[in-house]
Amino acid sequence: MNTTWGKLYGIGVGPGDPRLLTLLAVEVLQTVDIVAIPKSKMERESVAWDIAKVHCPSNVRLIELEMPMTSDQQVLAKAWQDGAQTLLGQLKQGKSVAFITLGDPSLYSTYSYLLNILQEELPQECIATIPGITAMAAAAARINLPLATGDEPLLILPSTEDVAEYLDFPNLVLMKVSRRLPEMLTLLEEREKKAVLLTRLGQSGEKIRWEPKPLEFTSDKVDYLSLLLVKKDLLGRKNDESESNN
Ligand SMILES: C[S@@+](CC[C@H](N)C(=O)[O-])C[C@H]1O[C@@H](n2cnc3c(N)ncnc32)[C@H](O)[C@@H]1O
């Protein structure tokens, strides 16, 4: 018997402010049968849901998928496989499912791994990925600076030891900085680079730390939702730190 598949939507909900979802994302959230929510631990709140929920009908069906934050590839592969099978079960019954994800679905998102598995069975026309505003775009906008201009390159990197090789790029975005903040700041200090650390953009507890302050941070780690913008032209900018509570 032929399956009448439901449609899968991968929806980028942006970095925090619920007004930063696209009109298309909102339209889909208002009409899908199921919203699928990735959670690092079942008992934790989901930031993506916290952003998206104002746009969803109050009685929308939710499916929570546990996607642990670990580097253990076996644990991750099992979580992706289990999550994909849960979604396939619903899609096979003709249900439409919106998998929500922070920022944009194509940038460091669990959605990519699930999609990989789902694409083995789900026809291409039953998949729609809806872009979202990335955290780095929101970061640049928040401090009224461009990410890059003219012929300049822009490099986006997770915060690993490899960063040292790339510090001479004029525009760098260092993602997933939290546990490696001291290491990153030491590197920046050694190479006399200036940076802005942006945490929880558009969410409660938002913080912005301008140069030269980031180099004086003493905390071992910052919130997971933090990134560093490293730019050659930060020198001479006025320090403009802020903390806000949205
Ligand atoms: C798994 S990646 C997700 C990136 C996301 N898909 C995007 O398009 O921005 C998580 C990293 O994104 C950055 N990030 C996401 N949301 C953020 C926010 N509201 N404020 C600051 N950084 C954020 C942080 O570097 C965090 O470690």
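Okay, helix α5 (residues 135–142) next. Listed as buried for α5 are Met136, Ala138, Ala139 and Ala140. Packed against the buried residues of α5 are β6 (155–158), β7 (171–175), β8 (195–199) and β10 (226–231). Where α5 ends, the next residue or the one after it, asparagine 144, has phi of about 55°, a positive value.

Right, let's get into the site of the ligand. Inspection of the region around the ligand gives 18 residues, with Asp104, Leu107, Ala135, Tyr224 and Ser226 positioned closest. Measuring from a nitrogen atom of the ligand, one finds a backbone N or O atom of proline 15 at 2.9 Å. In the environment of the ligand, an oxygen atom lies 2.8 Å from a nitrogen or oxygen atom belonging to the backbone of aspartate 104. Contact with the protein chains covers 95% of the free accessible surface of the ligand, which is 570 Å². Each of domain 1 (8–133) and domain 2 (136–245) gives at least three residues to the shell around the ligand.

In this structure, Leu8, Leu65, Leu87 and Leu114 are the most contacted members of the largest nonpolar core, which totals 24 residues. Per element, the largest residue contribution to this core is 7 residues, and it comes from helix α3 (residues 73–92). When sequence neighbours within four positions are dropped, the list of residues in contact with leucine 8 reads Leu87, Leu91, Val97, Tyr111, Leu115, Leu118, Leu122, Cys126, Ile127 and Ala128. Residues Val32, Trp49, Ala98 and Ile130 belong to the second largest nonpolar core, which totals 21 residues.

Take the sheet that holds strand β2 (residues 34–39) next. The strand order β3-β2-β4-β1-β5 describes an open sheet built from 5 strands, whose pairing is parallel. Both edges of this open sheet fall to β3 (61–66) and β5 (127–130), since each of them pairs with a single strand only. Ignoring strand direction, the axes of neighbouring strands in this sheet form an average angle of 20°. On the sheet, helix α1 (residues 23–31) packs against β1 (8–12), β2, β4 (97–101) and β5 and is oriented at approximately 135° with respect to β1. In the packing of helix α4 (residues 110–118) onto the sheet, contacts are made with β1, β3, β4 and β5, and the angle to β5 comes to roughly 170°.

Below, the discussion takes up α3. Taking 1.5 Å of rise per residue, 20 residues should cover 28 Å, and α3 covers 28 Å from first to last C-alpha, within 8% of that figure. Of the residues making up α3, those classed as buried are Leu76, Ala79, Trp80, Gly83, Ala84, Leu87, Leu88, Gln90 and Leu91. For α3, the buried positions fall inside an angular range of 165° around the axis, keeping them on one side. Facing away from the buried side of α3 by more than 90 degrees, the exposed set consists of Gln74 and Lys78.

Domain annotation for the chain reports domain 1 (8–133) and domain 2 (136–245). One C-alpha centre belongs to domain 1, the other to domain 2; they are set 28 Å apart. Between domain 1 and domain 2, the residue contacts involve 10 residues of the former and 13 residues of the latter. It is Pro15, Leu107 and Tyr108 in domain 1 that bury the most area against domain 2; as a group they hold 53% of the surface buried on that side. Where domain 1 packs against domain 2, one counts 1 residue pair in polar contact (both at pLDDT 80 or more).

With that out of the way, let us pick up the pattern of salt bridges. Counted according to the given criterion, the structure contains 11 salt bridges. Of the charged contacts in the structure, one is a salt bridge between arginine 142 and glutamate 206, with a shortest N-O distance of 2.9 Å. Here the residue arginine 142 occupies a position in helix α5, and glutamate 206 occupies one in strand β9 (residues 204–209), the gap between them amounting to 64 residues. Taking relative accessible area as the criterion, glutamate 206 reaches 5% and is therefore assigned buried. Two residues, arginine 180 and glutamate 183, come together in a salt bridge whose shortest N-O distance is 3.2 Å. Its relative accessible area of 36% is what places glutamate 183 among the partly exposed residues.

Rules used in this analysis
- Residues numbered from 1 in each chain as written.
- Predicted model: local features only at pLDDT ≥ 70, side-chain atom pairs only at ≥ 80, totals over all residues.
- Heavy atoms only, no water.
- Buried < 20%, exposed > 50% of the residue type's maximum accessible area, 1.4 Å probe, protein only.
- Helix = DSSP H or I, 4+ residues; strand = E, 2+ residues; numbered from the N terminus.
- Contact = heavy atoms within 4.5 Å.
- Near = heavy atom within 4 Å.
- Polar contact = N/O pair within 3.5 Å; in protein donor to acceptor, adjacent residues only side chain to side chain.
- Areas by Shrake-Rupley, 256 points an atom, 1.4 Å probe, with all protein chains shown as cover.
- Domains from an automatic or database assignment.
- Core = buried A, V, L, I, M, F, W, Y, C linked by side-chain atoms within 4.5 Å.
- Pairing = 2+ DSSP bridges.
- Axes fitted to C-alpha atoms, helices over the stretch in contact; angles between N-to-C directions.
- Expected span 1.5 Å × (residues − 1).
- Arc of directions from axis to C-beta.
- Buried area = accessible area lost by both parts, 1.4 Å probe.
- Salt bridge = Lys/Arg side-chain N within 4 Å of Asp/Glu carboxyl O.

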